[in-house]
Amino acid sequence: MDHTFDTIIEPFRIKSVEPIRMTTVAEREAFLKEAHYNLFLIKAENILIDLLTDSGTGAMSAAQWGKMMEGDESYAGCRSYYDMYDSVHDLTKFKHIFPTHQGRAAERILFGLVGSEGKIIPNNTHFDTTRANIEFTKTEALDLVIEEGKDPASLHPFKGNMDLEKLEQLMESQHKNIPLCMLTVTNNSGGGQPVSMENIRETHKICKKYDIPLFLDACRFAENAYFIKLREPGYENTSVKKIVQEMFSYVDGATMSSKKDALVNIGGFLAFNDDELAVNVQNMGILTEGYPTYGGLAGRDLAAMAQGLKEVVEEDYLEYRIKSTQYFGEALDKAGIPVMKPIGGHAVYIDAKAMLPHIPVSQLPAQALACELYRVGGIRGVEIGSLMFGKRDPETGEEIPGTMELLRLAIPRRVYTQSHIDYCIEVLDLVNQNKENIKGLKITKQPPFLRHFSAELAPA
Ligand code: F0G
């Protein structure tokens, strides 16, 4: 028997490096003030470890860089498109595959075609851009995740699951107003939590009963599949690729941000089987994305995506990916920091409401924690709480808070090593020891939607 070692090693060696630079606390305090306490407004060169997002921030493999050189830049019918088509088709079996410049472009095209006033699109939890694109068409974006999914301390293995009872009730009374149903794998806004195969299958059955198409928001499909392999009885010995294929076999289409589990820096796609929808998507896509065989991307981007989709289902990669996120989360847990459990796939989520009970929700505890983490250690995370999902009532001017107050520390794919993560653990431990000194924030300026990207804040 081969011995199993506890140390997680990155299943790659490093061929190309990019320097990162430490700044002083005094410098970072000035940057924070200048950025109005909004970390999106800080220059990336002034950040040491950037855990803002796992989207488009991954490192490509030598094989992907090699494929980029071979990219076919023909305007129509380029070879790279057909390579990308083959990779997507191999995993999903969808007939129509339209590349887009990123995930939200696929969303905008899809919801622009199926959404309108009076309609409802249910999902386990809509991500911010998905919600914004649906609401932009005056359609209601409804979150129906199971109750355990809203409790940061619940240890349910599939906290991304759809609440099937609520979905059935909704379908019974409203199916005429539901153009499609979505499932986000993994459930990003709910803590990067997976959806079980059983739940995908049952959601499919309910949708089928009412003849409603089911779409996956598939950004992190491979991470979701790996969780199924680890946690769902009956899948221990099934390959991740087979699990992925089964997941897609229950749905009618998918929106994809390739910046996540296609291991590229830019790109996405919209894929499905419906022939009539395909004609409309092609026409709408041409307006903003370009000719359907390049969809807003260079041929080399498509070539990198074709290769990335093969690498992402490799189990050595996924084992390292999921284990290293787990390692980070468990260390914070041991240090007494309240983290969302079980630890998600692409990120660790800190429950700022529990960690900073002295800061009321109206003073944005997760954003206050994000700023403190940057101030102390040069680390950038992102608030997923009332700054991102809260709203100001246009009539009363009153703040309606979000469901949870989380600080997400998202891990770029194949970028940071274990010592970077150990440094983050040390910084967070120090921040936690001095947490009583962290002060709340207030919003001083905000746009009408997706306010977290550009809002300005100040100490409360
Ligand atoms: N759906 C989910 C579940 C996402 O996480 C994202 C992006 C999108 C759709 C949109 O894709 O960025 O390519 O347009 N999430 C990033 C994040 C931005 O930081 O979680 P996109």
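This section reports on the structure supplied with the text. (Residues numbered from 1 in each chain as written. Predicted model: local features only at pLDDT ≥ 70, side-chain atom pairs only at ≥ 80, totals over all residues. Heavy atoms only, no water.)

1. Comments concerning helix H7 (residues 197-209)
Over its 13 residues, H7 runs 18 Å from end to end, which matches the ideal 18 Å to within 8%, given 1.5 Å per residue. Among the residues of H7, those classed as buried are Met197, Asn199, Ile200, Thr203, Ile206 and Cys207. Structurally, H7 contributes buried residues whose contacts are with helix H6 (164-174), strand S5 (181-184), strand S6 (214-217), helix H8 (221-231) and helix H9 (240-249). (Helix = DSSP H or I, 4+ residues; strand = E, 2+ residues; numbered from the N terminus. Expected span 1.5 Å × (residues − 1). Buried < 20%, exposed > 50% of the residue type's maximum accessible area, 1.4 Å probe, protein only. Contact = heavy atoms within 4.5 Å.)

2. Comments concerning the environment of Tyr250
Inspection of the secondary structure puts Tyr250 in the loop between H9 and strand S7 (253-257). For the pair formed by Tyr250 and Thr203, sequence separation is 47 residues and the distance between their alpha carbons is 8.7 Å. Excluding its chain neighbours within four sequence positions, the residues that come into contact with Tyr250 are Met197, Ile200, Arg201, His204 and Leu214. A distance of 2.6 Å separates the side chain of Tyr250 from the side chain of Glu246, its partner in a polar contact. (Polar contact = N/O pair within 3.5 Å; in protein donor to acceptor, adjacent residues only side chain to side chain.)

3. Observations concerning the pattern of salt bridges
A full pass over the atoms with the stated rule returns 25 salt bridges. The closest approach of N and O atoms between Lys229 and Glu315, which form a salt bridge, is 3.1 Å. Highlighted residues: Lys229 in helix H8 and Glu315 in helix H12 (residues 315-334), separated in sequence by 86 residues. By relative accessible area, which is 17% here, Lys229 ends up buried. The partner of Glu311 in a salt bridge is Arg414, and the shortest N-O contact between them spans 2.9 Å. Taken together, the residues Glu311 in helix H11 (residues 299-311) and Arg414 in the loop between strand S14 (406-410) and helix H16 (418-433) connect sequence positions 103 residues apart. (Salt bridge = Lys/Arg side-chain N within 4 Å of Asp/Glu carboxyl O.)

4. A short note on the pairing of strand S9 (residues 347-351)
Strand residues, when the strand is regular, have side chains that alternate between the two faces of the sheet. For S9, the buried fraction is high: five of the five residues fall into the buried class. Residues Ala347, Tyr349 and Asp351 point to one face of S9 and Val348 and Ile350 to the other, with burial holding for every one of them. Two strands pair when backbone bridges link them, and S9 and S14 are joined in this way by five bridges, in the antiparallel orientation. Bridge pairing links Tyr349 to Arg408 in S14. (Pairing = 2+ DSSP bridges.)

5. Details of the environment of Gly402
As for its position among the elements, Gly402 is in the loop between strand S13 (399-400) and S14. For Gly402, a relative accessible area of 17% translates into the label buried. Separated by 264 residues in sequence, Gly402 and Lys138 have C-alpha atoms that sit 20 Å apart.

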